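Descriptive structure summary
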Amino acid sequence: MNDNFPDKINQVNSAQIDPKKEKADRLKAGIFFALISSIGVFSGFGYSLGSVKKREIKNLNSKKLKDLYYLQESGADLARRALFRATVYSVSGFSLFCFSVWKLSGANNFEEFRHKIGSLLPQIKRNNEHQGRTEFRNLTELFQYLIDEDNKSKETKK
């Protein structure tokens, strides 16, 4: 771990950061993630509801279930209620987890939290050295490059 990590971050001049642009970028990112997650939730809900309705119609063709059907709740209603409960439990559970980690870290705002968690987590070392080619026109060129590199490494070992 690098003890100088928070000091290096604090060296950024506050005049270099435009608060309006930063706020707009955060708003755009929040809207994007909310849109993506809501699309995922609604598509999963729609898919599960549709599959339950298809199975329910198949099961209703059975004579035994036709007699007892009016006593039972429909499969779609049961699935809707179960999905609602599961969503509430998962969202509230994860929110509680995030809030508890936030409070246990002792941070007052997001920047402090980011610095504290960043100092606890291992640092990712950046390797700026050029490792080799990364783009190829076709698979033949890729395989030829791999063969050439393998031959070079074998020659250096000798």
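Residues numbered from 1 in each chain as written. Predicted model: local features only at pLDDT ≥ 70, side-chain atom pairs only at ≥ 80, totals over all residues. Heavy atoms only, no water.

For the protein chain, the helix and strand inventory stands at 6 helices and 0 strands. Reading the protein chain from its N terminus to its C terminus gives the helix and strand order α-α-α-α-α-α. Within the span of the protein chain, comprising 158 residues, buried residues form 9% of the whole. Contacts in the protein chain between residues at least 24 apart in sequence constitute 35% of all its contacts with a sequence separation of at least 6. If you sum the accessible surface of the protein chain, you get close to 14400 Å²; carbon and sulfur atoms cover 61% of it. (Helix = DSSP H or I, 4+ residues; strand = E, 2+ residues; numbered from the N terminus. Buried < 20%, exposed > 50% of the residue type's maximum accessible area, 1.4 Å probe, protein only. Contact = heavy atoms within 4.5 Å. Areas by Shrake-Rupley, 256 points an atom, 1.4 Å probe, with all protein chains shown as cover.)

With that out of the way, let us pick up the packing of helix α4 (residues 75-105) against helix α5 (residues 110-120). Pairs of packed helices are described in terms of their axes, by the angle between the two and the distance that separates them. Between α4 and α5, the least distance of the axes is 10 Å, while the angle of their chain directions is 80°. What the angle tells us is that α4 and α5 run roughly perpendicular. Across the interface between the two elements, V101, W102 and S105 from α4 touch F110, F113 and K116 from α5. For the contact of α4 with α5, the residue count by class is 4 nonpolar, 1 polar and 1 charged. (Axes fitted to C-alpha atoms, helices over the stretch in contact; angles between N-to-C directions. Parallel < 35°, antiparallel > 145°, perpendicular 65-115°, else oblique. Nonpolar A, V, L, I, M, F, W, Y, C, P; charged D, E, K, R; others polar.)

With that settled, consider a nonpolar patch on the surface. The grouping of F32, F33 and I36 at the surface amounts to a nonpolar patch, some 330 Å² of accessible area in total. Looking at the element boundaries, F33 is found in helix α2 (residues 19-60). (Patch = residues over 30% accessible without salt bridge, like charges linked within 9 Å, V, L, I, M, F, W, Y side chains within 5 Å. Salt bridge = Lys/Arg side-chain N within 4 Å of Asp/Glu carboxyl O.)

Where charged atoms from two side chains of opposite charge come close, those side chains can pair. Scanning the entire structure with this criterion turns up 5 salt bridges. Here K21 makes a salt bridge to D25, at a shortest N to O gap of 3.5 Å. Here the residue K21 and the residue D25 both occupy positions in helix α2, the gap between them amounting to 4 residues, near one helical turn. Accessibility expressed as a relative area gives 37% for D25, which makes it partly exposed. Across the pair E141 and R137 runs a salt bridge whose closest N-O atoms are separated by 3.1 Å.

The next subject is α4. Since the α-helix advances by 3.6 residues per turn, residues separated by three or four positions end up pointing in the same direction. A rise of 1.5 Å per residue sets the reference length of α4, with its 31 residues, at 45 Å; its end C-alpha atoms lie 45 Å apart and thus fit the reference within 8%. The complete set of buried residues in α4 reads A76, A79 and S105. Count one or two residues on from α4 and you reach G106, which has phi positive near 80°. (Expected span 1.5 Å × (residues − 1).)

Structurally, S119 can be placed in helix α5. Within the local environment of S119, its side chain forms a polar contact with the backbone oxygen of K116, the two atoms lying 2.7 Å apart. (Polar contact = N/O pair within 3.5 Å; in protein donor to acceptor, adjacent residues only side chain to side chain.)

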